[in-house]
Amino acid sequence: MRVFVLGGTGSIGSAVVRELIRRGHHVSALARSEVSAVILNGFGATLVAGDIARPERWAGRLPHVDAIVHAACDFNTEMATIDARLLDVLLPSLAAQPKKPRFIYTGGGWLFGATGDGVATEETPFRPLPAFAWMVPQLQRILEAAEVDGIVIHPAMVYTPGGGVFVRFARDVVERNAVRVVESEEVRWPLVHSEDLANLYALALEHAPARSSYIGAATEGLAVGRIARGFAKRFGMRQLEPEIIPAHAIAAELGAWAKGYALDQWLSGAKARRDLGWRPKHLDPEAEIALLP
Ligand SMILES: NC(=O)c1ccc[n+]([C@@H]2O[C@H](COP(=O)([O-])OP(=O)(O)OC[C@H]3O[C@@H](n4cnc5c(N)ncnc54)[C@H](OP(=O)(O)O)[C@@H]3O)[C@@H](O)[C@H]2O)c1
């Protein structure tokens, strides 16, 4: 398959690009800077220079593609407008492709809100974190678009043992006396290792029917205090007990979207396992933290 990836240097996109190339697909990717171009080149992707904020500059000169993966976002206050304009320009330009392409749109677990004692599945109505509410009409637009066969993946919180959503813990170990947790140690995070998630994107590209959605959660919910304590223990910190910070403090530091770190969630990845044969390999994040070098 010839696949065009937006966000190919990100937590999600970089794993997707590498996995698709490993499986023998031909990947082209949008690069908005020299640094991104070097990284994407290193993965073996072909480059399309451009920025998602200025799609009119590149959308008309895409190579022939069988599929698009959209995992680009710069988490600023304009992200809703940028994404809406991106689809305004990109979707009509895809009508010129020789064959209707597949289009994987990246949603997110935070669109389901706090689940409390319930379990969110693909059938659960959205109750999005306000900072990401704009994504719901966007993904609905992709699922209904005539120009593409739309598929949506809702990743759980994406980690590698020392990176992704764990990177704040790794930084706290170096920079502070305590690892910080937002709101409560009891808050549960659904998790997925970036390599397992990339495998799900590949399976969805290869097998998912048009208009389908999948939650990419390998671990359905793990108390965040266990993750924080895992980092503190692994790196020999004197204080194992996390410092609890309020959601508004992390929002002031990173942006309103970061309030998602306080959502207590339990997400089911059963549909992807059942319908696509997804078999995530990373099922014990705490053991991976304990083995960090
Ligand atoms: N990570 C998670 O845990 C998670 C979970 C659920 C959903 N999601 C969603 O998945 C999407 C991607 O998240 P992520 O964590 O992979 O993000 P990320 O690591 O911050 O990566 C963002 C990607 O988007 C690219 N990008 C940003 N602004 C751009 C612009 N103006 N033009 C072109 N490219 C641009 C970046 O390229 P550069 O290299 O040039 O910066 C990078 O490749 C987001 O919508 C996010 O909400 C993420």
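Residues numbered from 1 in each chain as written. Predicted model: local features only at pLDDT ≥ 70, side-chain atom pairs only at ≥ 80, totals over all residues. Heavy atoms only, no water.

What follows is about the site of the ligand. Taken together, 25 residues lie around the ligand, and T9, S11, R32, D51 and I52 are the ones closest in. For the ligand, an oxygen atom lies 3.1 Å from a polar atom in the backbone of G10. With respect to the ligand, the backbone of S11 contributes an N or O atom lying 2.8 Å from an oxygen atom. The fraction of the free accessible surface of the ligand (890 Å²) that becomes covered by protein chains is 82%. In a pocket analysis with a 2 Å cut-off to the grid points, the ligand is assigned to the largest pocket. Among the secondary structure elements, those contributing two or more residues to the shell around the ligand are α1 (11-22) and β7 (157-160). (Near = heavy atom within 4 Å. Polar contact = N/O pair within 3.5 Å; in protein donor to acceptor, adjacent residues only side chain to side chain. Areas by Shrake-Rupley, 256 points an atom, 1.4 Å probe, with all protein chains shown as cover. 1 Å grid on protein atoms, 1.4 Å probe; cavity = no way out; pocket = protein on both sides within 12 Å on 5 of 7 lines; lining within 4 Å. Sits in = over half its atoms within 2 Å of the grid points. Helix = DSSP H or I, 4+ residues; strand = E, 2+ residues; numbered from the N terminus.)

Our next topic: the environment of L62. Assignment of secondary structure puts L62 in the loop between β3 (46-49) and β4 (67-70). Sequence-wise, L62 and V152 are 90 residues apart; in three dimensions their C-alpha atoms are separated by 22 Å. When neighbours within four sequence positions are excluded, L62 is seen to be in contact with F4, V48, L90, L94 and Q97. (Contact = heavy atoms within 4.5 Å.)

All right, on to the environment of T124 then. Mapped onto the secondary structure, T124 falls in the loop between β5 (102-106) and α4 (135-144). Excluding residues that lie within four positions of it along the chain, T124 makes contacts with F112 and V119. A distance of 2.9 Å separates a polar atom in the side chain of T124 from the backbone nitrogen of T121.

Our focus in this paragraph is α4. Taken residue by residue, α4 has M135, V136, Q138, L139, I142 and L143 as its buried positions. The buried residues of α4 occupy an angular sector of 165 degrees when projected down its axis, which confines them to one face. In this structure, the buried residues of α4 make contact with α3 (79-94), β5, β6 (149-155) and β11 (212-216). (Buried < 20%, exposed > 50% of the residue type's maximum accessible area, 1.4 Å probe, protein only. Arc of directions from axis to C-beta.)

Sheet architecture is open: 7 strands sit in the order β3-β2-β1-β4-β5-β6-β11, paired in parallel fashion. Two strands in the sheet have a free side with no partner beyond their single neighbour: β3 and β11. Each strand axis lies, on average, 20 degrees off the axis of its neighbour in the sheet, ignoring direction. Across 4 bridges, β4 lies against β5 in parallel orientation. Considered in β5, the bridge of H70 is made with Y105. Against the sheet, α4 engages β5, β6 and β11, with an angle of about 145 degrees to β6. (Pairing = 2+ DSSP bridges. Axes fitted to C-alpha atoms, helices over the stretch in contact; angles between N-to-C directions.)

As enumerated under the stated definition, the model contains 1 cavity of 30 Å³ or more in all. By volume, the largest cavity amounts to about 30 Å³. Along the walls of the largest cavity sit I52, A72, C73, D74, M79, I82, D83 and W134, which together make up its complete lining. Here the residues of the lining of the largest cavity sort into 6 nonpolar, no polar and 2 charged. (Points joined across faces, edges and corners; volume = space filled by probe spheres on them. Nonpolar A, V, L, I, M, F, W, Y, C, P; charged D, E, K, R; others polar.)

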